[in-house]
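# Per-entry structural report
So the chains spell out like this:
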Amino acid sequence: MKRYIPPQIPRLALAFAIVISLFLVLRHLLIPDTFGKYGPYRAASMDDYSTIEIHYAGQQACFECHQDIEDLKALDVHSGIHCETCHGPGQKHSTSAEAADILKPTGREFCGNCHMMNAARQKDAVLQVDLTKHNIGKNCTECHNPHQPWEMKK
Amino acid sequence: MSQSASTMGNEKIGSSRRKFLKSAVTLAGATIGYTWLKSSQILIFAAEPKDETLPWYGIAIDIEKCIGCGSCAKACKNENDVPKEPFFFRNWVEQYTVKNDGTVDIVSPNGGIDGFVQRVPDEDIFKSFFLPKMCNHCAKSPCEQVCPVGATFLSPEGVVLVDEKYCIGCRYCVQACPYGCRFIHPVKKVANKCTLCYHRLKKNLAPACMEVCPTGARMYGNLRDKQGPLVKFLKEHTTQVLRPNLNTGAKLYYNALSSEAR
């Protein structure tokens with residue numbers, strides 16, 4: 001004997017089918033292709049990061065032109081410090097070779113960022129100078145060559 | 001009387017056995033079904049990156065070597081075009097000064113970029129140290145878990161990144177990060193944070209902060225590489241992460257971290 005199906009059941013089933021298929025279509029259109037490739041995020045956003053340009057070239061790029069500074073630096077205590085620590089980002093300068101594209105810091109405050117007396121600095125980590133007493137009024141670079149600090153200029 | 005009671009008992013047992021069998025079969029079916037779905041990657045959100053060929057990045061900072069010059073914070077701003085005004089930092093340096101009376105003085109003038117001037121006289125100081133801070137690139141990062149749109153994520157290399165096109169700027173992650181490593185970019189109006197210079201890593205260059213550190217206090221490396229320099233450093237030093245109690249899976253390891261550090 002055929003089972004009685006109330007007329008609202010097929011109608012409701014149709015309505016459900018339409019809503020569910022609409023949801024699936026919308027979901028397909030709204031979710032980006034790479035979403036979920038590795039996890040619940042858009043994998044393509046990692047490629048967006050790869051296109052960002054660098055500003056710091058790394059010291060090997062500096063030494064391609066400035067071989068003399070590499071040799072000079074190697075002889076003294078600043079040998080371990082990369083060029084861009086003091087001279088700032090060098091990618092632009094490494095392609096243009098313009099002096100305006102690189103920093104040439106001078107001044108007691110700049111050297112003091114590392115060498116000023118501070119209780120938090122380990123005594124053997126860096127040589128510390130009391131800037132309130134040491135050759136007041138003079139610029140550090142008047143006596144010290146920053147690439148070779150212990151070869152005194154005078 | 002007693003007979004009818006025993007019949008009722010039998011019926012009860014019969015019905016509960018049927019129920020038990022039914023639910024057992026349902027449970028087994030669901031388990032098998034779930035296993036099948038998971039293995040066929042239909043449930044994409046359960047997928048875990050387990051690519052052993054990729055590096056799994058970690059960071060180590062040696063507090064004994066840090067001289068608080070602020071080069072790292074400055075380089076980070078230059079490399080990643082972070083707004084120059086204070087309060088927007090992807091990486092910064094703090095100076096902790098523990099005084100003889102037990103109080104702790106913490107300063108970070110412009111993130112350490114302009115250098116530190118000791119403001120507590122020597123005779124009052126019990127001890128003092130610099131604490132460079134940056135994103136811990138947590139393996140179980142709270143910021144990633146709270147993101148409502150999947151804009152922040154842990155890359156397969158273990159770097160926590162923000163998808164700037166997807167971020168809606170709701171600030172949930174800024175609140176969730178227990179290390180205060182996130183901010184809303186004032187121009188883009190989306191979350192911004194340390195990417196471990198992901199664009200540089202892809203070119204086999206060191207992150208900008210590590211490139212410029214004059215004392216070699218900062219290092220990054222592959223935690224999967226058991227012979228690598230980072231694992232060697234972790235093996236030879238007594239390291240600790242910040243806020244280990246929060247179980248964030250932080251991958252930024254500090255050598256000589258003092259208990260006053262927060």
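Worth saying up front: this structure is predicted, and the values here are computed from it rather than measured. Positions within a chain are numbered from 1, following the residues in the order the chain's sequence is written. Just so you know, chain letters begin at A and ligand numbers begin at 1, following the order they were written in. The model is predicted, so local features are restricted to residues of pLDDT at least 70 and side-chain atom pairs to those at 80 or more, both for listing and for counting; the totals for chains, interfaces and linings are taken over all residues. Calculated side-chain values reflect all of the structure's heavy atoms, with hydrogen atoms and water omitted.

### What to know about the sheet that holds strand β1 (residues 57–62) of chain B
Residues and elements named next belong to chain B. Two strands pair if DSSP finds at least two bridges between them. Think of it this way: any DSSP run of H or I at least four residues long counts as a helix, any run of E at least two long counts as a strand, and we number them from the N terminus. The four strands lie next to each other as β9-β1-β11-β10, forming an open sheet whose pairing is mixed. Both edges of this open sheet fall to β9 (218–222) and β10 (239–240), since each of them pairs with a single strand only. Of the pairings in the sheet, the one linking β1 to strand β11 (residues 252–255) comprises four bridges and is parallel in character. Paired with Ile-59 across the bridge in β11 is Leu-252. Contact between two residues is taken to exist if any of their heavy atoms lie within 4.5 Å; hydrogens are not considered. The angle between two axes is taken between their N-to-C directions and runs from 0 to 180 degrees, where each axis is a line fitted to C-alpha atoms and a helix contributes only its stretch in contact. Lying on the sheet, helix α7 (residues 229–236) is in contact with β1, β9, β10 and β11; it crosses β9 at an angle near 115°.

### As for helix α7 (residues 108–115) of chain A
Among the residues of α7 of chain A, those classed as buried are Arg-108, Gly-112, Asn-113 and Cys-114 of chain A. Buried residues along α7 of chain A sit against α8 (140–143) of chain A together with α2 (71–80) of chain B. Categorising residues by exposure relies on relative accessible area from a 1.4 Å probe, with only protein chains included: less than 20% of the type maximum marks a residue as buried, more than 50% marks it as exposed, and the intermediate range marks it as partly exposed.

### Describing the state of the cysteines
Counting rule for disulfides: a pair of cysteine sulfur atoms within 2.5 Å. Scanning the model with the defined rule gives zero disulfides over all chains in all. The cysteine Cys-62 of chain A is free of any disulfide, with Cys-83 of chain A supplying the nearest cysteine sulfur at 3.9 Å. Note on Cys-62 of chain A: relative accessible area 18%, which makes it buried. Cys-197 of chain B provides the cysteine sulfur closest to Cys-209 of chain B, a residue in no disulfide bond, and the two sulfurs are 6.3 Å apart. Overall, the relative accessible area of 6% leaves Cys-209 of chain B in the buried class.

### As for the sheet that holds strand β4 (residues 125–134) of chain B
Residue and element names in this part refer to chain B. Read across the open sheet, the three strands follow the order β3-β2-β4; overall the sheet is antiparallel. Since the sheet does not close on itself, it has two edges, and those belong to β3 (104–107) and β4, each with one partner. Each strand of the sheet is rotated relative to its neighbour by a mean of 20°, with strand direction disregarded. The pairing of strand β2 (residues 91–99) with β4 spans nine bridges and is classified as antiparallel. By the bridge assignment, Thr-97 is partnered in β4 with Ser-128.

### With respect to the packing of aromatic side chains
Only the six-membered ring of Trp is used, alongside the rings of Phe and Tyr, when aromatic pairs are assigned; centres must lie within 6.5 Å, and planes under 30 degrees apart are stacked while those over 60 apart are edge-to-face, with the rest tilted. Applying the stated criterion across every chain yields a total of seven aromatic pairs over all chains. Taking 6.1 Å as the distance between ring centres and 75° as the angle between the ring planes, the aromatic pair formed by Tyr-49 of chain A and Tyr-198 of chain B counts as edge-to-face. Placement of Tyr-49 of chain A in helix α2 (residues 45–50) and of Tyr-198 of chain B in helix α5 (residues 198–201) is noted, with the two residues assigned to different chains. Take Tyr-49 of chain A and Tyr-198 of chain B: they sit in the same class, and that class is buried. Taking the centre distance of 5.6 Å and the plane angle of 55° together, the rings of Phe-88 of chain B and Phe-183 of chain B count as tilted.

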